[in-house]
Amino acid sequence: MDQKNQSSVTEFLLLGLSERPEQQPLLFGIFLALYLVTMLGNLLIILAIGSDPHLHTPMYFFLANLSLADASFSSTTVPKMLVNIQTHSQTISYGGCLAQMHLFMTLGALDDFLLGVMAYDRYVAICRPLHYSTLMSPLVCMLLLAACWVLTNLAALLHTLLTARLSFCADNTIHHFFCDVVPLLQLSCSDTSINQVALFAVGSTILTGPLSLIILSYARIISSILRVPSASGRQKAFSTCGSHLTVVFLFYGTAIGVYLCPPSSHSRGEDRLAAVFYTVVTPMLNPFIYSLRNKDMKVALSRLLGIHTLSSQGL
């Protein structure tokens with residue numbers, strides 16, 4: 001019977017951010033602009049790092065991968081929402097929904113892991129500078145990146161397989177603008193207790209594990225910085241960490257509330273607002289945060305865009 005109910009669902013309806021037709025053109029324009037800025041900003045970060053030999057260091061290697069993850073993260077949700085608004089269609093196939101959920105969870109967790117690895121990189125650079133070239137060698141960086149990809153894919157695969165075994169009966173309406181695990185659990189007409197336990201257990205590990213690494217790393221970093229005798233040295237050390245901490249606060253501030261609270265306690269409006277923030281706003285802001293607060297990134301972007309040539313000519 002469960003198998004019959006599950007196989008009868010061939011598509012879901014994504015209600016989006018608003019059910020009012022008059023608001024759809026405004027939403028389309030806003031999210032198209034946000035998405036284009038996100039893609040352009042992260043692409044510029046990747047190109048600037050790739051084209052400047054001075055930025056071929058572990059810190060910028062992980063920053064380039066974070067930008068790639070951010071661009072991909074937004075691309076799993078926003079284009080589908082824009083297509084649905086433009087075509088006046090709210091449908092997504094059953095398989096497409098599971099695929100979107102898998103990619104979303106993989107890339108979201110990848111962001112999380114990369115932020116943790118970047119905190120560890122800053123810890124090694126500031127607290128153990130004599131061992132930096134060994135502890136953060138190119139091989140170690142590649143292994144850390146590979147581990148991030150493997151772990152996040154395994155976690156997303158677990159949730160995808162557990163969701164695929166659920167039954168969805170008469171109601172196939174998702175009160176969200178993309179297929180996320182929490183709205184799907186709320187929609188299912190079968191027992192979701194295993195899914196909820198897995199969501200809390202894996203979510204706790206994925207979110208709090210890297211967050212613990214970030215907290216420990218920055219506790220050691222701050223302790224080391226405070227022992228620096230010169231004020232200029234302390235300011236320089238803090239400036240290299242400020243951008244990363246800003247991104248950490250933006251990302252964790254919304255993600256923890258959505259995935260570590262029981263689904264029954266979630267408000268649809270609050271969930272959708274939080275999802276907009278960490279799937280659209282944060283990936284868009286990250287390039288600006290890193291470029292505006294980082295002198296090396298400013299120089300690399302200027303060279304990439306040819307601004308240094310104009311300034312040298314007095315234009």
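Residues numbered from 1 in each chain as written. Predicted model: local features only at pLDDT ≥ 70, side-chain atom pairs only at ≥ 80, totals over all residues. Heavy atoms only, no water.

## Focus: the packing of aromatic side chains
Logical step 1: One pass over the structure, following the stated rule, counts seven aromatic pairs.
Logical step 2: A ring pair is formed by Tyr120 and Tyr123, whose centres lie 6.3 Å apart and whose planes are at 40 degrees; its orientation type is tilted. In this pair, Tyr120 and Tyr123 are both assigned in helix α5 (residues 94-127), three residues apart and thus about one turn of the helix distant.
Logical step 3: Relative accessible area serves as the criterion here: at 26%, Tyr120 is assigned to the partly exposed category.
Logical step 4: Each residue in the set Phe73, Phe104, Phe177 and Phe178 is aromatic and connected to the rest through ring pairs, giving one cluster. (Phe/Tyr/Trp six-rings, centres within 6.5 Å; stacked < 30°, edge-to-face > 60°. Helix = DSSP H or I, 4+ residues; strand = E, 2+ residues; numbered from the N terminus. Buried < 20%, exposed > 50% of the residue type's maximum accessible area, 1.4 Å probe, protein only.)

## Description of the nonpolar core
Logical step 1: Ranked by internal contacts, the top residues of the largest apolar core, which has 85 residues, are Phe12, Leu63, Leu115 and Met297.
Logical step 2: With 17 residues, the top contributor of residues to this core is α5.
Logical step 3: If we skip the residues at most four places from it in the chain, Met297 touches Ile45, Ala48, Ile49, Leu55, Tyr60, Leu63, Tyr290 and Ser291. (Core = buried A, V, L, I, M, F, W, Y, C linked by side-chain atoms within 4.5 Å. Contact = heavy atoms within 4.5 Å.)

## A closer look at a nonpolar patch on the surface
Logical step 1: Together, Leu43, Leu47, Leu304 and Leu305 make up a nonpolar patch on the protein surface, roughly 340 Å² of accessible area in all.
Logical step 2: Among the secondary structure elements, those contributing two or more residues to the nonpolar patch are α2 (24-51) and α12 (295-305).
Logical step 3: For Leu305, the position within the fold is in helix α12.
Logical step 4: Taking relative accessible area as the criterion, Leu305 reaches 51% and is therefore assigned exposed. (Patch = residues over 30% accessible without salt bridge, like charges linked within 9 Å, V, L, I, M, F, W, Y side chains within 5 Å. Areas by Shrake-Rupley, 256 points an atom, 1.4 Å probe, with all protein chains shown as cover. Salt bridge = Lys/Arg side-chain N within 4 Å of Asp/Glu carboxyl O.)

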